[in-house]
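Breakdown of the fold
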Amino acid sequence: MNAHRFAWAAVVAALLSTASSAQVTPPGRINYQGIVRDATGAPLNGSVTMTFRFYDASTGGTLLWEEVYDPTVYPPQVTASTGLFSVALGDPAHRNAGSETVFANVFASHSDVYLAVRVAADAEMTPRVKAVATPFAVNAAKVEGRPASSFANAAHTHLGSDVTTAVANATHATTADSATSATNATNATNATNADTVDSQHAAYFLNTSSATQTKSGKVVLNNAGDFGIESSGATAGGYFSDSSHSGIAYVGYGDVGIDARGNSLGGFFKDADHSGYSYVGIGDYGIQGFGNSMGGYFSDLNTVSYANLAYDQYGVYAVGSGTGGYFANSGTGFAWVGNGSRGIQASGSLCGGQFIDTDSGGGASVAMDTYKIAGSGTVSFVQNHPTDKDKVIVYACPEGDEVATYTRGTAKLVNGEARVKLGKTFQWVTNPDLGLTAHVTPKSKDAVLYVASVSTSEMVVRSVTGFAKDAVFDYLVYGLRIGFEESSIVQEKQHESYIPSFKDHRERYAKYPELRAFNALERFKGMESPARGVSPDALDLSRAKALKEAIHEYDPATDPPVQKLFGSDYPAPPPELTHPGAHGAPSPRLASSSASAASPHTEAAHGESISEATLASATGLEPALPAAERFPAARSVSAGDVLVMLPKGGETLHPCATAADPMVVGIAVQDAKDGSTVLASSGYAMVKVDVSSAPISKGDLLVTSPTPGHAMKAQPALVNGLPVHRDGTLIGKALEPLAAGTGTIKVLVMLR
């Protein structure tokens, strides 16, 4: 079997004389084109040794002409580009053997001629190809075997004596074998058998002179200048569809770049190694995207705001110069996430925020009406258990039928009286006329005290005559918060407000029964039991049970979904997104191209990656930059430098120069200009790296390198057998590999 494969492309006549004068001698060469591949079917590129032989029979026969193109005896070799080559046969300088010494005589003297091709040291390819029609036009230099000098030139007047044979106006070149319209015989313009080339009929090829043409089979266009295809039309620049018209696309359609539709989806896009792909217009979704790093990435052109979707463990990871995220409905509800120094800031005509627990039915509205928090649960705080590391303490705030204030402290009688100045702020928030209640607790057994008067600023406490006049006592003063005295305690029902489910508490007691003794029910049962002279389980708690049943404890197994408890206008969670395969996504064959195939948008002609700067130059757009702001920088700083603060260098940033420097602050996005640069401290950035210490793989953590301005692979220390990185030294995670030397790679910057 031959080590090379060959696709017969065309045998084209090269008698391309443009003169109409009979005195012009036609060239004795023919153009020959083909596609040459290696044994695996891959197209060859570069110089190829080839031999072309003409015989007078399909097998065996006489060798009429042999033409060799090799690097030593008959240079140069044939040049192939993506397998395609073209050679003008009939060059005497490459003739090696054969019975004919003049190439034109191969066709002038033989009725049957066959071409055989040999690549390098392979055997001749079979079968031989018969030369028909156009190659025989080489013989059109003669008419019936006679040279042009044997005929009269019809372009000027001749004497009758000049004409010896009535062949002066031979309108058909008999010996031209099918050149039916060769009036001047030197330029055979129509070859009858040219309706087939490489055994393919004319319909297989594009007709550039035709207004329209239907073409079956695929069309491949290469080396077409800056554009593979450039077209325009009154309706659209291009229209594409499959044979069943279930998928169509308009290109350059009105004011739309691409308008695509399909039975499964409107568009499918992926990178060359299948690590990122997206579906556009699929089912009920506008876009579904998937990728090894994230599902989607969006950025503005001002370089400081971006959002990652389905990124690692985050649904949405967003960064903005003002706010990480802004959400609003079509009415009066708004929310800002990561707004300045605030985590969440929200507003709405009903409340600022609403939160619910779908398991217990508990919920809370924040900033609703006159309430900071209004909900069916308690307001509690949690802290660690001081002696049991596996436990925490949960305390609930006091709750009542008023908005109360209080102040408390300790004082001492002097000569039987104490004038206690209450907390100064108490008088600023408490009603001075109503609701003041004072409590005093003496700390000696011989003291009998009473409150003589109380205001929001002072309380007077006196001793009963005959009892201790210097007693120490504790006090507690309650009041009503000013402005909240009219808070409505009983209101019309707007939605169900059940007691939240105590399912979690009961499950906890089942697992840790010893914890039950700490709750209020068990504590008060323990206190009431000896006071009433009955066992704790014999206490009558029927009234409490009836009251609880009247209010109802939420049961997630039998009660409506908790969303309905908060009103019919409360939006239910959206249905969980499913993999697009559930919506009739394209079959795997749509994504089964070669993993090494170069994307025309990311690869240059010779496989080199197109840089962001090149892309910006080509498109007229600045590349999108990560979250960044401008900082003072040394003049030596250039884009991609890893920047650090110097211990005594003020605020000016400098390229790093030591390994694993904890003073690292980010990446220079631009060259330093006017004493400053744009600094990326998160998001994506193109970063200079040096792999002299270790190659960098995709996903490796990076730290500063001794090479100025460069990062390198982080090498953790082992502490108790575990890898540990020094705090503050990590720059981020490599998103591209680099095996040797220095270079610039894409990095997800995440300083820590």
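Quick notes on the rules
Residues numbered from 1 in each chain as written. Predicted model: local features only at pLDDT ≥ 70, side-chain atom pairs only at ≥ 80, totals over all residues. Heavy atoms only, no water. Salt bridge = Lys/Arg side-chain N within 4 Å of Asp/Glu carboxyl O. Buried < 20%, exposed > 50% of the residue type's maximum accessible area, 1.4 Å probe, protein only. Helix = DSSP H or I, 4+ residues; strand = E, 2+ residues; numbered from the N terminus. Phe/Tyr/Trp six-rings, centres within 6.5 Å; stacked < 30°, edge-to-face > 60°. Lys NZ or Arg CZ within 6 Å of the ring centre and 35° of its normal. Contact = heavy atoms within 4.5 Å. Patch = residues over 30% accessible without salt bridge, like charges linked within 9 Å, V, L, I, M, F, W, Y side chains within 5 Å. Areas by Shrake-Rupley, 256 points an atom, 1.4 Å probe, with all protein chains shown as cover. Pairing = 2+ DSSP bridges. Axes fitted to C-alpha atoms, helices over the stretch in contact; angles between N-to-C directions. pLDDT = per-residue confidence, 0-100.

**Some remarks on the pattern of salt bridges**
Summed over all chains, the structure comprises 19 salt bridges. E417 serves as the salt-bridge partner of R419, at 3.5 Å between the closest nitrogen and oxygen. On the accessibility criterion, E417 (26% relative accessible area) is partly exposed. The closest approach of N and O atoms between R532 and E528, which form a salt bridge, is 3.1 Å. Of this pair, R532 and E528 both sit in helix α4 (residues 520-532), separated by 4 residues, roughly a single helical turn.

**Considerations on the packing of aromatic side chains**
Tallying each qualifying case throughout the model produces 15 aromatic pairs. Ring geometry for W65 versus F103: centroids 5.2 Å apart, planes at 70°, classification edge-to-face. A residue pair is termed long-range when its members are at least 10 positions apart, and W65 in strand β5 (residues 63-69) and F103 in the loop between β8 (95-97) and α1 (105-108) qualify at 38 residues. Both rings, one in F381 and one in Y395, keep their centres 5.6 Å apart while their planes meet at 40°; by these two values the pair is tilted. Taken together, the residues F381 in strand β30 (residues 380-384) and Y395 in strand β31 (residues 392-396) connect sequence positions 14 residues apart. Ring pairs connect the aromatic residues Y32, F52, Y69 and F85, which therefore count as one cluster. The ring of Y512 has K391 sitting right over it, with the charged end atom 5.3 Å from the ring centre. The ring of Y684 carries K746 above its face, with NZ or CZ at 4.8 Å from the centroid.

**Structural notes on the environment of R630**
Considering the arrangement of structural elements, one finds R630 in strand β38 (residues 628-632). Of the residues examined, R630 reaches a relative accessible area of 44% and is grouped as partly exposed. A sequence separation of 46 residues divides R630 from S676, and the C-alpha atoms of the two residues are 6.4 Å apart. Filtering out sequence-adjacent residues up to four positions away, R630 remains in contact with Q670, K673, S676, T677 and V678.

**Let's talk about a nonpolar patch on the surface**
Together, V448, Y450, V464 and F467 line one region of the surface with nonpolar side chains, adding up to about 300 Å² of accessible area. By the element assignment, V464 lies in the loop between β36 (458-463) and β37 (472-480).

**Some points on the sheet that holds strand β17 (residues 256-262)**
In spatial order, the strands read β15-β16-β17; together these 3 strands make up an open sheet with antiparallel pairing. Every other strand in the sheet has two partners, leaving β15 (236-241) and β17 as the edge strands with one partner each. Each strand axis lies, on average, 10° off the axis of its neighbour in the sheet, ignoring direction.

**Re the environment of T370**
When you line up the elements, T370 lands in the loop between β28 (363-368) and β29 (371-375). In this structure the C-alpha to C-alpha distance between T370 and C351, which are 19 residues apart in sequence, comes to 10.0 Å.

**Side note on the sheet that holds β8**
One open sheet holds the 5 strands; their spatial order is β8-β5-β4-β9-β10, and the pairing between them is antiparallel. For this open sheet the edge positions go to β8 and β10 (129-130), each flanked by a neighbour on one side alone. Where strand β4 (residues 50-55) and β5 come together, 6 bridges link them in antiparallel fashion. Opposite R53, over in β5, you have E66 as the bridge partner.

**Topic: the confidence of the model for the chain**
Mean pLDDT over the chain stands at 77; residues scoring 70 or higher make up 74%. Contacts for the low-pLDDT stretch residues 8-23, under 50 throughout, to residues beyond four places or in other chains number 44 contacts. Across residues 158-195 the pLDDT falls below 50, and counting only partners more than four positions away or on other chains, this stretch makes 61 contacts in the model.

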